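A structural walkthrough
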Amino acid sequence: MTKPIDYGDLEFTRPAKQIKAVNLPAVPQRILDGMKQYEDAARGFGTMGFERTVKDANGREVPGGVIVSHRPADAQVTQLYRMPTDPSSTELNRLTYFDIGSGRTISQFCGIVEDDWRGTRRRGGAIMVMDLTGNEHFQLWRYWEDSISDQVLPRVEGELDNAPGTGRIERLTHDDFRYSSVLISQSDKFMAFSSNKENNEDTLVYVTTLVGSNTGSKADASPFILSSRLVAPSTGEGTTMYYPSSFSLDDKHLLVMRSYGSAYTALYVVDISGEEVSPPKLIEFPGATEKAEDTAITMASFSRDAHSPHLLYCTTNAYGDFSSVIVYDIDTGSVTHVTTPSAGIQAIRPISWETKDLAITSDSIVFTANVEGWTSLFVMPLSGSHKNTVIEVKVDWEGGWLTFHPNGLNGKPNEMTLSLASYRSRERMTYLDFAPLLSNVKRDENGDAYVLASVSSYAQAAPPIVPGEVPPKLIKYKSFDGLEVPAIYYHPAGQSQTPVVINIHGGPESQATATFRMTTHSYLLNELKVAVIYPNVRGSSGYGKKYMAADDVLKREDSVKDIGALLDHITSNMQNELDSSRIAVSGGSYGGYMSLASLTHYSSKLACGIEHFGIVHWPSFLENTAAVRRAARRREYGDETIPEIREFLERISPINNISKITIPLLITHGENDSRVTVHEAVSTYKTLSKNVHTELIICEMEGHGYKQKSVIEFTNAAGILFLERFLLSKSNL
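Keep in mind the model is a prediction, meaning the values are calculated, not measured.

Bringing the overall build of the protein chain into the picture now. Helix and strand content of the protein chain: ten helices and 43 strands. Rg of the C-alpha trace for the protein chain: 26 Å, near the compact-globule value of 27 Å for 733 residues, within the 12% margin. Within the span of the protein chain, comprising 733 residues, buried residues form 60% of the whole. Each charge class in the protein chain was averaged separately, 70 positive and 88 negative side chains, and the resulting centres sit 2 Å apart.

See below:
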C-alpha cells in the first residue's frame, strides 16, 4: 500500500482552485486571457456511443440518441449530453450536472434496454463506470430517467445530486475496488464486467442478470448492492488479468481476454450456460507464426449474424509483426485472413499497418488502420454483392484521427457516428450511413475497393476552429543504431529559425499521431512562434511489435538515445528551421520519465524541461503503483525484485542521476495519482531544487492526467510562463 505523502517543510501557495505550488511565480492574466481561445477549441466532443431505443411504460417507442461527452465552459469537469441521431437536428441536451469537486472520470456509459433489480422495470439509461477522485478506483453506477420507467423510485440513499438534470444516478458498487469493461449481451438480459474485488490484485470477470434478476430488492430508498457471479476466476499463478470481450448470440458463451501486458494477451471462451461455470478454454489459432508470449489480441467478438454464430472476429499479431483482422471458425478451428500482410498468407486485402477499433454488426465488420499516425476507415459487408470485400471508406476531410460507433444494437447496422480529430479541430462529431455508398464502389490502380464518403456534421457537437492552425508534417531520422524514428512536426507559419519543444508521449506503448498534441500546442505555434516535435521513439505502438518491444527492460535507455539522435538531427539537418540553442523537452507519465532522462543525459543541449506525473525512481514506482497494474508494468520495465534488474533500474533512474540536470525544470503531478504516485514529484523537487531552479505544482483531487477546468487552465498557463522565461529568453536563472 502506498505510504502517505510527507511534504515536510515545503511552503505551498494556492494560486488557483485545486492547485498548490512551490517556487512558482505569479501567472500573468495576459497568458490566461491569451489561452482562452485555445482552451475553448480544445474542449472537443467525444461520444460514448448510442443509447438503446426502448419502449416506455405505455408502449411508446423512445428512440435512443447519441451520448456525447464535453466540458462546457462553465463546468469544472466533463459532462454528458444527448443529441438526436439525425444530424439535421441541432438539439444538445445536457444529462449530467454534478460537480463533486474532483477530477472524476466517466470511462463508460453503456446503454441498456432495462433492468429489474429493484422489482420494477427501469427502462433505458445506462450503466456508468466512474471514479470520484481521480484515483481510478472506478465504480459501477446506474443512470436512468423516471419519465420512461414503470415506477418512480424515492430518492435512493447515496444517490448523486444531478439537479437540474432529469436523469438519476445510483451507485451499484460500494467499495474501493476497481470495476471496468462493462459489456451487455445481445439479448439485453446479461451484463459482464471485470473487477479486482476478490483480492485487490487479480482482475477477474463477473456476470450479472439485468432482466429476471430476482434480487429481492425493493423499489425503496435503501441502497442497492449489485450481485454477480464469478465466471473467470484467478489462475493462482501470478497476477491474473481477465477482461470480457463478447457474449455469444445465445448468451451461452463469453469471450474473455487475459492480459499479461500490452504485448501479450490470450483469448479464452467460457461456457456460462450452466449453474457451474466451466474453466476458461484457451483459443489457439492454427498456423500462428508467432510465439504465444509475443502475441497480442486487441479485440474479439462473436458473430452478430444468426446464420453464422460459430464465427468470431478479432485483431491479432499472431501471424506477423502487425495486428491484423482474422475470422476464426469455432466449429472447424480454421482461420480466414482478412488483412494479414505476411508472406505466404492469402488475405482478402493485406494491410501492412496496425488495424484497430474492430466492430461487428449483423451486416458488416468495421475497422480502422493506423497509417503512420493517420487513420483509414474500412468496411467489409457480410452479405450482398460486395460480400467479403474489404472496402476503404475515404472520408472527405483534411485527414487525421478517426473513431467510429455503429448503431447496430438499435437495428441500424450501417449507421454510425464518426469522431474526427485533426490539426484544424479537436474531436468533432459527424454522421455516416454506409449503405447508400455500396451502389458506387470503385477500384484503384491496385484493384482495391473504395468508396468516397461525405459525412454530415452535428453542428451542436463541433468545437470552434482557431484560424491559421498549422498542419503536421511527418519526418524521420536515424538513431544511434541506424533505426529510423518517425516524428510528427509542426512549424510556425511564416517563420524561419524558431525555438522548439520536443514533447514525448507516455505509455510507453502510445503513439504521437496526426492529432496528438500537448495542451499548449496551438499557443506555442501561433503566439510564441515555437515549433513542436512529437517523436515516436522505439517502444511506441503503431509500427509493429518489434518496434514496440525495442525498449523493453534492459533496452530502456535506447529510447532516450532516440531523443539524443533527434537533438543531433535538429542541429545537423534542420538548422534553417530550428534554433538548436533553444530546445525544451516535455512529457507526461512515461513521457515525464523520458523528459527527466533526457535532462540527465543532454542538459548541455537543452534550455529547460517540463515533466508531468513522470517516473523518477523505477523501483519505488513499481512498488507503489496500484497492485492491479504491477505485474504488467514489470513485464515492460523489469522486475525490481530480481537483484540484477533492480541494480539496472537504480542505475537509470533519474533521481539517482539528478546531479546531471543543470537546467530549469517545471514539475506537475496529481495528488491522487495511483499509477505514478505523487512521491515521485516531491522527491524530485526536494533533491533538484537544492542546486537548480525547480518549480512544483501539486494538483488536488486529480489522478494520472488532469480533468478539472481550474487545474487544466492553470497548469497550461504556468507551462507557457515557464517556457517564456527559460526557452525564449537567452538567460536562465
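Next comes the rest of the account.
Our next topic: the environment of Gly-216. Turning to its location among the elements, Gly-216 is positioned in the loop between β16 (204-209) and β17 (229-232). A residue is classified by how much of its surface remains accessible, and Gly-216, at 65% relative accessible area, is exposed. Distance in space between the C-alpha atoms of Gly-216 and Arg-178 is 25 Å, their sequence separation being 38 residues.

The strands that make up a sheet pair up through hydrogen bonds in the backbone, lying either parallel or antiparallel. Across the sheet, which stays open at both edges, the four strands sit in the order β8-β11-β12-β13 with antiparallel pairing between neighbours. In this open sheet, the two strands that pair with only one neighbour each are β8 (106-111) and β13 (167-171). Averaged over all adjacent pairs, the angle separating strand axes in this sheet is 25 degrees, with direction ignored. Bridge analysis of strand β11 (residues 126-130) against strand β12 (residues 139-145) gives five bridges, and the strand direction is antiparallel. Each residue of the ladder has a partner; that of Ile-127, found in β12, is Arg-142.

Judged by nonpolar contacts, the single largest core of 60 residues is most densely connected at Ile-570, Tyr-593 and Trp-618. Here this core gets seven residues from one element, more than from any other, and that element is helix α5 (residues 590-602). Among residues more than four places away in sequence, those in contact with Tyr-593 are Arg-556, Glu-557, Val-560, Gly-614, Ile-615, Trp-618, Ile-652 and Pro-654. Of all hydrophobic cores here, the second largest spans 42 residues; its members include Ile-19, Tyr-490, Tyr-523 and Leu-727.

It is worth spelling out the packing of aromatic side chains at this point. Throughout the structure, instances matching the rule amount to 22 aromatic pairs. Centroid distance Phe-193 to Tyr-206: 5.6 Å. Interplanar angle 15 degrees. Geometry classified as stacked. Here Tyr-206 lies in strand β16 and Phe-193 lies in strand β15 (residues 190-195), a separation of 13 residues in the sequence. Side by side, Phe-193 and Tyr-206 carry an identical accessibility label, which is buried. When the centroid spacing of 6.2 Å and the interplanar angle of 55 degrees are considered together, the rings of Phe-322 and Trp-353 count as tilted. Placement of Phe-322 in the loop between β23 (311-316) and β24 (324-329) and of Trp-353 in the loop between β25 (335-337) and β26 (354-360) is noted, with a sequence separation of 31 residues between them. For Phe-322, a relative accessible area of 18% gives the class buried. Site record: aromatic cluster; members linked through ring pairs are Tyr-590, Tyr-593, Trp-618, Phe-621 and Tyr-637. The ring of Trp-144 carries Arg-122 above its face, with NZ or CZ at 4.5 Å from the centroid.

For the structure on display, the rule yields 41 salt bridges. Between Arg-30 and Glu-724 there is a salt bridge, with its nearest N and O atoms 2.7 Å apart. Residue Arg-30 is found in helix α1 (residues 29-42), and its partner Glu-724 is found in helix α10 (residues 709-728); the two are separated by 694 residues along the sequence. Between Arg-538 and Asp-562 there is a salt bridge, with the nearest N and O atoms lying 2.9 Å from each other. In this pair, Arg-538 is assigned in the loop between β39 (531-535) and α3 (545-548) and Asp-562 in helix α4 (residues 556-573), connecting sequence segments 24 residues apart.

Orientation of α1 relative to α10, taken along the N-to-C sense of each, is 120 degrees, at an axis distance of 10 Å. Classified by the interaxial angle, the pair formed by α1 and α10 is oblique. Pair α1 / α10 crosses with right-handed handedness. On α10, the residues that touch Arg-30, Ile-31, Leu-32, Met-35 and Glu-39 of α1 are Ile-712, Glu-713, Asn-716, Ala-717, Ile-720, Leu-721 and Glu-724. Each residue belonging to the contact of α1 with α10 can be placed in one class, and the counts come to seven nonpolar, one polar and four charged.

Here the focus is helix α9 (residues 679-688). For an α-helix the count is 3.6 residues per turn, leaving residues at separations of three or four pointing the same way. Regarding α9, the residues found buried are Glu-680, Ala-681, Val-682, Thr-684, Tyr-685 and Leu-688. At its buried positions, α9 is contacted by β1 (19-22), α5, α6 (618-624), β42 (665-670) and β43 (694-699).

In this structure, the amide linkage connecting Ala-163 to the following residue, Pro-164, adopts the cis form with an omega of 5 degrees. Among the secondary structure elements, Pro-164 is positioned in the loop between β12 and β13. The linkage connecting Gly-507 with the following residue, Pro-508, adopts the cis geometry, with an omega of 5 degrees. Among the structural elements, Pro-508 can be located in the loop between β38 (498-504) and α2 (521-526). Although it is not a glycine, Asn-388 adopts a positive phi angle of roughly 60 degrees. Mapped onto the secondary structure, Asn-388 falls in the loop between β28 (374-381) and β29 (391-395). For Lys-529, which is not glycine, the phi dihedral falls at a positive 55 degrees.

In this model α4 runs 26 Å from its N-terminal to its C-terminal C-alpha over 18 residues, within 8% of the 26 Å that 1.5 Å per residue would give. Taken together, the buried positions of α4 are Arg-556, Asp-558, Ser-559, Val-560, Asp-562, Ile-563, Gly-564, Ala-565, Leu-566, Leu-567, His-569 and Ile-570.

How each quantity is defined
- Residues numbered from 1 in each chain as written.
- Predicted model: local features only at pLDDT ≥ 70, side-chain atom pairs only at ≥ 80, totals over all residues.
- Heavy atoms only, no water.
- Helix = DSSP H or I, 4+ residues; strand = E, 2+ residues; numbered from the N terminus.
- Rg over C-alpha atoms; globule rule 2.2 N^0.38 Å.
- Buried < 20%, exposed > 50% of the residue type's maximum accessible area, 1.4 Å probe, protein only.
- Lys, Arg positive; Asp, Glu negative; His and termini not counted.
- Charge placed at Lys NZ, Arg CZ, Asp CG, Glu CD.
- Pairing = 2+ DSSP bridges.
- Axes fitted to C-alpha atoms, helices over the stretch in contact; angles between N-to-C directions.
- Core = buried A, V, L, I, M, F, W, Y, C linked by side-chain atoms within 4.5 Å.
- Contact = heavy atoms within 4.5 Å.
- Phe/Tyr/Trp six-rings, centres within 6.5 Å; stacked < 30°, edge-to-face > 60°.
- Lys NZ or Arg CZ within 6 Å of the ring centre and 35° of its normal.
- Salt bridge = Lys/Arg side-chain N within 4 Å of Asp/Glu carboxyl O.
- Parallel < 35°, antiparallel > 145°, perpendicular 65-115°, else oblique.
- Left-handed = near helix turned anticlockwise from the far one by under 90°.
- Nonpolar A, V, L, I, M, F, W, Y, C, P; charged D, E, K, R; others polar.
- Expected span 1.5 Å × (residues − 1).

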